[in-house]
Amino acid sequence: MRNIALFLSYLGTAYHGWQVQKRDVTVGETLEKAAAAVVGHPVKMTGCGRTDAGVHARRYVANFHTSSRIPADRLPYALNTHLPEDIVVTGAREVPEKFNAIGSCVRKEYTYLIYNSRIRDPFYVNRAWFYPKHLDEAVLQRAADQFVGTHDFAAVRSVGTETRTTVRTVYYYRVAREGDLLKLRVCADGFLYNMARAMAGTLVYCAEGKIAPEEIGDLLARGDRTAAGPTVPPGGLYLTHLWYDDGEVAFHV
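Residues numbered from 1 in each chain as written. Predicted model: local features only at pLDDT ≥ 70, side-chain atom pairs only at ≥ 80, totals over all residues. Heavy atoms only, no water.

1. Things to note about the overall build of the protein
Put simply, the rule is: Going along the chain from the N terminus, every DSSP run of H or I of four or more residues is numbered as a helix, and every run of E of two or more is numbered as a strand. Radius of gyration: over C-alpha atoms. The globule rule applied is 2.2 Å multiplied by the number of residues raised to the 0.38 power. Relative accessibility thresholds used throughout: buried, under 20% of the residue-type maximum; exposed, over 50%; partly exposed, between the two (1.4 Å probe, protein chains only). Contacts are residue-level and defined by heavy atoms, with any inter-residue pair within 4.5 Å sufficient. Here, Shrake-Rupley sampling with a 1.4 Å probe gives the accessible areas, and only protein chains in the shown set may cover a residue. Only four residue types enter the tally: Lys and Arg on the positive side, Asp and Glu on the negative side; His and the chain ends are excluded. For charged residues, the charge sits on one atom: NZ in Lys, CZ in Arg, CG in Asp, CD in Glu.
Looking only at helices and strands, the protein has five helices and eleven strands in total. Relative to the compact-globule value of 18 Å for 253 residues, the protein shows a C-alpha radius of gyration of 19 Å, a close match. In terms of overall dimensions, the protein has a C-alpha envelope of 60 × 40 × 30 Å along the principal axes. Each of the 253 residues in the protein was classed as buried or not, and the buried ones make up 50%. Of the contacts formed within the protein by residues at least 6 apart in sequence, a portion of 71% connects residues at least 24 apart. Just so you have it, the protein exposes about 12100 Å², and 50% of that area is on carbon and sulfur atoms. On the protein, the mean spot of the 30 positive side-chain charges and the mean spot of the 27 negative ones are 3 Å from each other.

2. Some thoughts on the packing of helix α3 (residues 137-145) against helix α4 (residues 195-207)
Heads up, the condition is: Simply put, an axis is a line fit to the C-alpha atoms, just over the touching stretch for a helix, and the angle between two N-to-C directions goes from 0 to 180 degrees. An angle below 35 degrees is read as roughly parallel, one above 145 as roughly antiparallel, one from 65 to 115 as roughly perpendicular, and any other as oblique. By convention the crossing between two helices is left-handed if the near helix lies anticlockwise of the far one by an angle smaller than a right angle, and right-handed if it lies clockwise. Any residue that is not Ala, Val, Leu, Ile, Met, Phe, Trp, Tyr, Cys, Pro, Asp, Glu, Lys or Arg is counted as polar, Gly included; the first ten are nonpolar and the last four charged.
As a packed pair, α3 and α4 sit with axes 8 Å apart at the nearest point and diverge in direction by 130 degrees. Here α4 runs oblique to α3, going by the angle between their axes. The hand of the α3/α4 crossing is right-handed. For the pair formed by α3 and α4, the contact residues are Val 139, Leu 140, Ala 143 and Ala 144 on the first element and Leu 203, Val 204, Cys 206 and Ala 207 on the second. Here the contact of α3 with α4 is built from residues that sort into eight nonpolar, no polar and no charged.

3. Structural notes on helix α1 (residues 27-39)
How we decide: Expected span of a helix, by definition, is 1.5 Å for each gap between consecutive residues, and there is one gap fewer than residues. Nitrogen and oxygen atoms within 3.5 Å of one another constitute a polar contact, given that in protein one can donate a hydrogen and the other can accept it, and given that sequence-neighbouring residues count only through two side-chain atoms.
Its 13 residues place the ends of α1 18 Å apart at the C-alpha level, agreeing with the 18 Å of an ideal helix rising 1.5 Å per residue. Regarding α1, the residues found buried are Val 27, Gly 28, Thr 30, Leu 31, Glu 32, Ala 34, Ala 35, Val 38 and Val 39. At its buried positions, α1 is contacted by β1 (2-10), β3 (56-66), α2 (75-80) and β4 (87-95). For α1, the N-terminal cap is Thr 26; the gap from its side-chain oxygen to the backbone nitrogen of Glu 29 is 3.2 Å. Looking one or two places after α1, you find Gly 40, whose phi comes out positive at around 85 degrees.

4. With respect to the pattern of salt bridges
Counted only if it meets this: The working definition used for a salt bridge is a side-chain nitrogen of Lys or Arg within 4 Å of a carboxyl oxygen of Asp or Glu.
Summed over all chains, the structure comprises eleven salt bridges. In this structure, Glu 248 and Lys 98 form a salt bridge, with 4.0 Å as the shortest nitrogen-oxygen distance. One end of the pair, Glu 248, is in the loop between β10 (237-245) and β11 (250-252); the other, Lys 98, is in the loop between β4 and β5 (105-115), and 150 residues separate them in sequence. For the salt bridge of Glu 137 with Arg 177, the shortest nitrogen-to-oxygen distance reads 3.0 Å. With Glu 137 in helix α3 and Arg 177 in strand β8 (residues 167-178), this residue pair connects regions lying 40 residues apart in the sequence. Through salt bridges with shared partners, a single ionic network connects Asp 218, Arg 222 and Asp 224.

5. Observations concerning the packing of aromatic side chains
Rules: When the centres of two rings from Phe, Tyr and Trp lie within 6.5 Å, Trp using its six-membered ring, the rings pair. Their planes under 30 degrees apart give stacked, over 60 give edge-to-face, and anything left gives tilted. Both a distance and an angle decide whether a charge sits over a ring: NZ of Lys or CZ of Arg must be within 6 Å of the ring centre and within 35 degrees of the ring normal.
On inspection of all chains with the given rule, the structure shows eleven aromatic pairs. With 6.3 Å between their ring centres and 25 degrees between their planes, Phe 147 and Phe 153 make a pair best called stacked. Classification of Phe 147 by relative accessible area gives buried; the value is 0%. By relative accessible area, which is 0% here, Phe 153 ends up buried. Cluster of aromatic residues (ring-pair linked, three or more members): Phe 7, Phe 99, Tyr 244 and Phe 251. The residue whose ring lies beneath Arg 107 is Tyr 171, and the NZ or CZ to ring-centre distance is 3.6 Å. Lying across the ring of Tyr 172, Arg 174 places its NZ or CZ 3.8 Å from the centre.

6. As for the side chain of Thr 30
Summarising the element assignment, Thr 30 is placed in helix α1. Take Thr 30: its relative accessible area is 16%, and that puts it in the buried class. Every residue in contact with Thr 30, bar those within four places of it in the chain, is listed here: Tyr 15, Val 25, Leu 83, Pro 84 and Ile 87.

7. Considering the pairing of β3
Stated formally: Pairs of strands are assigned from DSSP output, requiring at least two bridges between the strands.
Most of β3 sits out of view: eight of its eleven residues are buried. Here eight bridges tie β1 to β3, and the two strands are oriented antiparallel to one another. In the sheet register, Leu 6 faces β3, and the bridge partner there is Ala 62. Here strand β2 (residues 46-47) pairs with β3 via two bridges, running antiparallel. Counterpart to Thr 46 in the pairing with β3 is Asn 63.

In structure tokens, the structure reads:
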């Protein structure tokens, strides 16, 4: 059996996240059906993360095993003929047997978009969070800096997926403004359930003056979810970069 890694992008608005579910349409299920039609046998996709309903991915990696001999460079074209327009496979490669899209991933970057203008833009509906009150990017950056490092992030996660530990390492958290669009880019060795969205909400709390950026360290130490900011809407969140290294193969997308 060959192990194939797929590289894809998708708009998550129409899907109930990645994870295959009994009643709701998901990205993972849609990709599995397309792959099965191409390779001629049932397919089990392993995704690099369990993105929530409405969350998008500019970069996403999934892998599956197949007995098909279709060359990897032909798979994207074949798969895209069976996929809807909001899911696109951009590449494929054969990888070592032990490669796993989630287990081999060592870092991820999420980007949260805020459309910060008094008047909404219809082209950003479900693509960015519309926030009409001006947000000071300097304050947002001061708050973002407090998250960098190794911490217990229980204060900025939602109860849902079980995990062995809530300790994660954030490598950077960068805030940039491009006109009315604010981009919040955070890279970590892993993310807890709703962590990226709760972190973004906490940055906005700081810009609103509800908490001081310098209070975030104490907030994390206490693990108090009620003291942190809200979980902001999913439509502004994108998975934007992934880093891989399992000892046999190393790359980033």
